[in-house]
Number of protein chains: 2
Amino acid sequence: MRAATIRDEQIVLEDHPDPSPGKGEVLVEVHAAGVNGADLLQRKGLYRAPPGSHQDIPGLELAGTVAALGPGATRFKEGDRVMAVVGGGGQAERAVVHERQLMPVPESLSWAEAGGVPEVFTTAHDMLFTQLGLGPGERLLVHGAAGGVGTAAVQLGRATGARVTATVRNESLRDAVEELGAGGVIPPEVFGEAGPFDVILELVGAPNMPGNLTALENRGRIGVIGIGAGAKAELNLGLVLGKRATVCGSTLRPRPLEEKADAARRMERQVLPLFDTGALRVPVADTFPLDRAAEAYERFEAGGKLGKIVIVTR
Amino acid sequence: MRAATIRDEQIVLEDHPDPSPGKGEVLVEVHAAGVNGADLLQRKGLYRAPPGSHQDIPGLELAGTVAALGPGATRFKEGDRVMAVVGGGGQAERAVVHERQLMPVPESLSWAEAGGVPEVFTTAHDMLFTQLGLGPGERLLVHGAAGGVGTAAVQLGRATGARVTATVRNESLRDAVEELGAGGVIPPEVFGEAGPFDVILELVGAPNMPGNLTALENRGRIGVIGIGAGAKAELNLGLVLGKRATVCGSTLRPRPLEEKADAARRMERQVLPLFDTGALRVPVADTFPLDRAAEAYERFEAGGKLGKIVIVTR
């Protein structure tokens, strides 16, 4: 099979042996696979794939059809449309995924859309709801809201009754983020005046943290997922105490099977139905065929996009 | 009634009108009232009592007998031994407390011990269990373990099956903290080598935070309650993400009635029974009569104590 492959910090197309499904696993004919920030870090040698995942084929998510079942795999049948968060190896023509990690693809989604769902919607849902307990009526601030996780978070907040404010640096993308459900879309420089917020999703990095804590409501929660703008944050513990604040971080990729499976079950119950009702959609900024995967990475790196860059493999 | 009173950043004894219990409230004849760090801050004008509490009579906790019931108060009867966390006014001969904030005093506790229970045991229990979900088998690190909250936390960890390590700066107090249930008692300088820890209770302040994060196990939680050594912490968000760490802060005093009452109910169910079984005790470093309250503050400030300083009012 052909796969996007990391060679000397470049993305090239190479042939690899077809993977074969072991016990409880499913062989997926990949139709689409989103590009994520972690892929770009991995390409530069800054982020190793977790043990047991392809070290040289990137791709943290995929959508495709079931091509074969390993021994004991019973959740799906050949031809079913499935998608998943994976530890790596998604940007290839075929991939093997444990059936407990797989989710069905909602009927209303195209392949390109489905390929862009697993990583960002699971990340946003897991942080906002499973970790931070975002509730209806609460005021949610999403920093860096035009990206993949950001557009997912804005929509999830809106769909569940939270009141959403979004920061978007690129002025030309603000209207689009507002259409996704943000009650207010503002430049990052002024978010301090737009608070207080009950929940803040940090997708940009350390420079926002002092302002986040100041803009946080008592008993507020800050979830940190993106730190592209810097990792060394200053934290005023006096405010953390006084506000009884919580700060937590998360990543999806290194999680073991049972945690990825648990997150997938929550997605099936709470998120996937909302694509078919129209409450959620997948903004796809651009798609590239597999043999132009390197361009997909360049497009991602250039920024200024709304939502996902997706590699379409067939 | 006589009460410890803050005048010009000093503790003096003054006469105040007796308080009278309103709807749902109880008049308590105070027998003992612990001294806490917040009292010392308040004495220096650095910590205002929350609205509705005495601004000039300090004291965040008390134990005594029920002297009279306000309209609608039904949980206790005259003569019952009760104790509570209060917003202020505990270091007086009498105090009025809402009956939902009151807890019964365990039979095995003396008045001096009971006066030292509410604030530190509620604070430690609320942070370790209600907020951080400490579980049996987990590795707990308590910084500043010889103080009031520290001695409570070490014992609560031990009593519930956690594996407890404690840092204690004063060498002469380390054996006593070990007797309370810490598996290891170490100088604060070396805690980084004693990890990893699942839960860290920070009672000292910001200087420990970089080391805390380094010593934290994946999915570990840091609870910050004491910041006497500094409030401006450096937080490496890369580690917060990579370890999926949680940092949260807490204070008890400004909480509204419903939250203090909820914490008191949890104390009644999960903590108070363990005093009568002998699993928990109250280390009282020293007691002072009410007319020597100023000396109690000096003793607290001098440090080098194990557990509580308590003012005995009758």
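Shown above is the structure to which this text applies.
Residues numbered from 1 in each chain as written. Chains lettered and ligands numbered in written order. Predicted model: local features only at pLDDT ≥ 70, side-chain atom pairs only at ≥ 80, totals over all residues. Heavy atoms only, no water.

(A) Inspection of the side chain of B:R174 at higher detail. All names here are of chain B. Along the chain, R174 falls in helix α5 (residues 174-179). The buried charged residue R174 lacks any salt bridge, with E171 as its nearest oppositely charged partner at 4.5 Å. A distance of 3.1 Å separates the side chain of R174 from the backbone oxygen of R169, its partner in a polar contact. Each residue touching R174, except ones within four places of it in the same chain, is listed here: V168, R169, V185, I186 and P187. (Helix = DSSP H or I, 4+ residues; strand = E, 2+ residues; numbered from the N terminus. Buried < 20%, exposed > 50% of the residue type's maximum accessible area, 1.4 Å probe, protein only. Lys, Arg positive; Asp, Glu negative; His and termini not counted. Salt bridge = Lys/Arg side-chain N within 4 Å of Asp/Glu carboxyl O. Polar contact = N/O pair within 3.5 Å; in protein donor to acceptor, adjacent residues only side chain to side chain. Contact = heavy atoms within 4.5 Å.)

(B) Looking closely at the side chain of A:T167. Residue and element names in this part refer to chain A. Mapped onto the fold, T167 is located in strand β9 (residues 163-167). We classify T167 as buried; its relative accessible area is 2%. Residues in contact with T167, not counting those within four places in the same chain, are L141, V142, H143, G144, A145, I186, P188 and F191.

(C) Looking closely at the environment of A:G64. All names here are of chain A. Mapped onto the elements, G64 comes out in strand β4 (residues 61-69). Sequence-wise, G64 and R81 are 17 residues apart; in three dimensions their C-alpha atoms are separated by 5.7 Å. Residue contacts for G64: discarding those within four places in its chain leaves V28, E29, V30, H31, D80, R81, V82 and W111.

(D) Quick look at the pairing of strand β11 (residues 197-202) of chain B. Residues and elements named next belong to chain B. Of all six residues in β11, six are buried; the element is thus mostly enclosed. By the bridge criterion, three bridges tie strand β8 (residues 139-143) to β11 in an arrangement that is parallel. Note on β11: the bridge partner recorded for L140 is V199. When β11 meets strand β12 (residues 216-224), the two strands line up parallel, connected through five bridges. For F197, the partnering residue across the bridge sits in β12 and is L216. In this view, the connection linking β11 to its parallel neighbour β12 by way of helix α6 (residues 209-214) has right-handed handedness. (Pairing = 2+ DSSP bridges. Right-handed = clockwise from strand over helix to strand, strands pointing away.)

(E) Molecular detail of the interface of chain B and chain A. Taken residue by residue, the interface counts 27 residues in chain B and 27 residues in chain A. Its largest share of buried area at the contact with chain A, chain B owes to B:L237, B:L241 and B:R244, together 28% of the area lost on that side. The tally of links between chain B and chain A comes to four salt bridges. Linking B:E259 and A:R244 is a salt bridge whose minimum nitrogen-to-oxygen distance equals 2.6 Å. The interface formed by chain B and chain A holds 11 residue pairs in polar contact (both at pLDDT 80 or more) in total. For the side of chain B that touches chain A, the elements supplying multiple residues, two or more each, are β12, β13 (232-236), α7 (237-242) and β14 (246-249) of chain B. Per-element tally for the side of chain B that touches chain A: the top contributor is β13(B), with five residues. Sheet topology note: the strand β13 (residues 232-236) of chain A/β13(B) ladder contains five bridges and is antiparallel. (Buried area = accessible area lost by both parts, 1.4 Å probe.)

(F) Main features of the sheet that holds β12(B). In spatial order, the strands read β10(A)-β9(A)-β8(A)-β11(A)-β12(A)-β14(A)-β14(B)-β12(B)-β11(B)-β8(B)-β9(B)-β10(B); together these 12 strands make up an open sheet with mixed pairing. Strands with a single pairing partner mark the edges of an open sheet, and in this sheet they are β10 (184-186) of chain A together with β10 (184-186) of chain B. On average, each strand axis in the sheet is inclined to that of its neighbour by 15 degrees, with strand direction left out of account. (Axes fitted to C-alpha atoms, helices over the stretch in contact; angles between N-to-C directions.)

(G) Representation of helix α3 (residues 118-131) of chain A within the structure. α3(A) sits mainly inside the fold: 12 of its 14 residues count as buried. Just downstream of α3(A), A:G133 is the residue with a positive phi angle, here 60 degrees.

(H) Here's a closer look at the packing of helix α3 (residues 118-131) of chain B against helix α4 (residues 148-159) of chain B. Residue and element names in this part refer to chain B. Contact geometry for α3 and α4: axes closest at 8 Å, N-to-C directions at 55 degrees. Taken together, the axes of α3 and α4 are oblique relative to one another. For the crossing formed where α3 meets α4, the hand is right-handed. Residues V120, F121, T123, A124, H125, L128 and F129 of α3 form the contact with α4, whose participating residues are G148, V149, A152, A153, Q155 and L156. (Parallel < 35°, antiparallel > 145°, perpendicular 65-115°, else oblique. Left-handed = near helix turned anticlockwise from the far one by under 90°.)

(I) View of the packing of aromatic side chains. Within the structure shown, the criterion is met by two aromatic pairs over all chains. For the pair A:F121 and A:F275, a centre-to-centre distance of 5.0 Å together with 75 degrees between the ring planes defines the contact as edge-to-face. In this pair, A:F121 is assigned in helix α3 and A:F275 in helix α9 (residues 273-276), connecting sequence segments 154 residues apart. A:F275 shares its class with A:F121; the two are buried. The ring of B:Y47 carries B:R253 above its face, with NZ or CZ at 4.8 Å from the centroid. Against the face of B:F300 rests B:K305, its NZ or CZ located 4.5 Å from the ring centre. (Phe/Tyr/Trp six-rings, centres within 6.5 Å; stacked < 30°, edge-to-face > 60°. Lys NZ or Arg CZ within 6 Å of the ring centre and 35° of its normal.)

What is shown is where atoms sit, not what they do.
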